[in-house]
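Each chain, written out:
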Amino acid sequence: MVHTGVEIRGAGYCYQLRVGSGLLEKIGKYTGKYLHPGTCAIISDTNVAPRFAGLVKRSLTSAGFNPNLITIPAGERSKTLTQAGAICEQMVAAGLDRQSFVIGLGGGVIGDISGFVAAVYHRGIPHVQIPTTLLAMVDSSIGGKTGVNTADGKNLIGAVHQPSLVIDDLDVLKTLPCREFNQGFAEIIKHAIIADEKMFRQLQSWEPGSPRRPVALQRLIRRNIEIKSKIVAKDEFDRTGTRAVLNFGHTIGHAIERAGYYNRFLHGEALSLGIVAACAVSGKKAGLPRREHDAVIGLLQRFALPTRLPKKFPRQKILDALKFDKKFEGGKIRFVVTPQIGSAHVSRNVTTGDIREAIDEL
Ligand SMILES: NC(=O)c1ccc[n+]([C@@H]2O[C@H](COP(=O)([O-])OP(=O)(O)OC[C@H]3O[C@@H](n4cnc5c(N)ncnc54)[C@H](O)[C@@H]3O)[C@@H](O)[C@H]2O)c1
Ligand SMILES: [Zn+2]
């Protein structure tokens, strides 16, 4: 497989992204093209570091870098300000300065926290993203949103800090558990619903259980990066509502994630449920035909993603969790609806009653 480069451009930034196979062993060479040799931190987690950090470290060392590995416990619970502070302390101890940079080697949790650390360390140093989950490749590693959670909600503390380089090595996906792999498709299906009807139809004949088809997967990841980065470039700081369409399914999805104490559902699974609910709201408030709603449910199920809540799941908890959402502006909801597959917009006509109904239907 040939690896391909994509240039991601926005108003004040431009960076390279590579998608392909066997890229980790060349990380030193790629990084050397964009960043000065010196000290850097590789931030990773307890699942990913034992598998891939050695390779990354060796490659960087042979290219003249001085890499320091910082490993944190795997999982969403590590995405805290306390953990970010501890990482910064370790970076100080390792002698990282303003000329240094940070590499995030892991899934979305590592991407978000390492990006946040890069954004604040010495008031901002470069960030290299090496996403190791499908979700992180197609979504969290691009767009520059970084951050940590608080006890009150997800991603409430953060910064927009664009990466300097992103490396998607498809080989790393071979060790990703099936459930983690499938949850990446929730974000892919979201992208299809909001921006690419053709991709939606292609996914309807994708064989999810088959060996991970590298060429098709490479193409799919590239297409998703294109969709997300184009939307981000138009509204980097989420001010005009353009970027907000990427939140499709997330208002209710995040509330479900929270109501499940962040351990009942993976992000992509909660999103899958949020997408189903957002389609129900879209049917009522934006004219989404019922057959399209059903097609979305069918596609999510194809990737073993949940489309119904467990019977006994406390629905009231989801409603309670909604008030922590950043998309509530002055008590009003900024809810993303899709009138037809391939397009989406922010609606201000959605009421809490509509949301309650959609959750009851789940
Ligand atoms: N910044 C953004 O724009 C953005 C967008 C979407 C999601 N996110 C964030 O991303 C996070 C979810 O990301 P995620 O699903 O990648 O979670 P994650 O980082 O927790 O990774 C999932 C699990 O897979 C393990 N893992 C990662 N790569 C592996 C590999 N190659 N082989 C074996 N195991 C591997 C991890 O250790 C972890 O246990 C959430 O915190 C979410 O808020 C951010
Ligand atoms: Zn998401």
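Whatever comes next refers back to the structure up there.
Owing to the predicted nature of the structure, the values given are computational and were not obtained by experimental measurement.

**Some words on helix α8 (residues 214-234)**
Side chains three or four residues apart in an α-helix point the same way, a direct result of the helix having 3.6 residues per turn.
Moving on, step 1. When the terminal C-alpha atoms of α8 are compared, their 30 Å separation across 21 residues agrees well with the 30 Å that a helix rising 1.5 Å per residue should span.
Moving on, step 2. Looking at the buried positions of α8, the neighbouring elements they touch are β1 (4-9), β2 (14-20), α5 (134-140), β9 (165-169), α6 (178-195) and α7 (197-203).

**Considerations on unusual backbone geometry**
Moving on, step 1. In this model, Asp 238 sits at a positive phi of 60 degrees, which is unusual for a non-glycine residue.
Moving on, step 2. The backbone of Tyr 262 shows a phi angle near 60 degrees, a positive value even though the residue is not glycine.
Moving on, step 3. With respect to the helices and strands, the residue Tyr 262 is situated in the loop between α9 (250-259) and α10 (267-285).

**Here's the deal with the site of ligand 1**
Moving on, step 1. Surveying the vicinity of ligand 1 reveals 29 residues, the closest of which are Glu 76, Gly 108, Thr 132, Thr 133 and Thr 175.
Moving on, step 2. Residue Lys 145 places a main-chain N or O atom 2.9 Å away from a nitrogen atom belonging to ligand 1.
Moving on, step 3. A distance of 2.7 Å separates a nitrogen atom of ligand 1 from a polar atom in the side chain of Thr 175.
Moving on, step 4. Bound to the protein, ligand 1 loses 91% of the 870 Å² it would expose on its own.
Moving on, step 5. Of all the secondary-structure elements, those providing two or more residues to the shell around ligand 1 are α2 (49-62), α4 (108-120), α5, β8 (153-160) and α6.
Moving on, step 6. Here the shell around ligand 1 is built from residues that sort into eight nonpolar, ten polar and eleven charged.

**Side note on the environment of Ala 278**
Moving on, step 1. With respect to the helices and strands, the residue Ala 278 is situated in helix α10.
Moving on, step 2. Among the residues examined, Ala 278 registers a relative accessible area of 1% and is labelled buried.
Moving on, step 3. A sequence separation of 60 residues divides Ala 278 from Thr 338, and the C-alpha atoms of the two residues are 8.1 Å apart.
Moving on, step 4. Ignoring anything within four residues of it in the chain, the contact list for Ala 278 reads Phe 248, Gly 249, Phe 335 and Val 336.

About the thresholds
Residues numbered from 1 in each chain as written. Chains lettered and ligands numbered in written order. Predicted model: local features only at pLDDT ≥ 70, side-chain atom pairs only at ≥ 80, totals over all residues. Heavy atoms only, no water. Helix = DSSP H or I, 4+ residues; strand = E, 2+ residues; numbered from the N terminus. Expected span 1.5 Å × (residues − 1). Contact = heavy atoms within 4.5 Å. Near = heavy atom within 4 Å. Polar contact = N/O pair within 3.5 Å; in protein donor to acceptor, adjacent residues only side chain to side chain. Areas by Shrake-Rupley, 256 points an atom, 1.4 Å probe, with all protein chains shown as cover. Nonpolar A, V, L, I, M, F, W, Y, C, P; charged D, E, K, R; others polar. Buried < 20%, exposed > 50% of the residue type's maximum accessible area, 1.4 Å probe, protein only.

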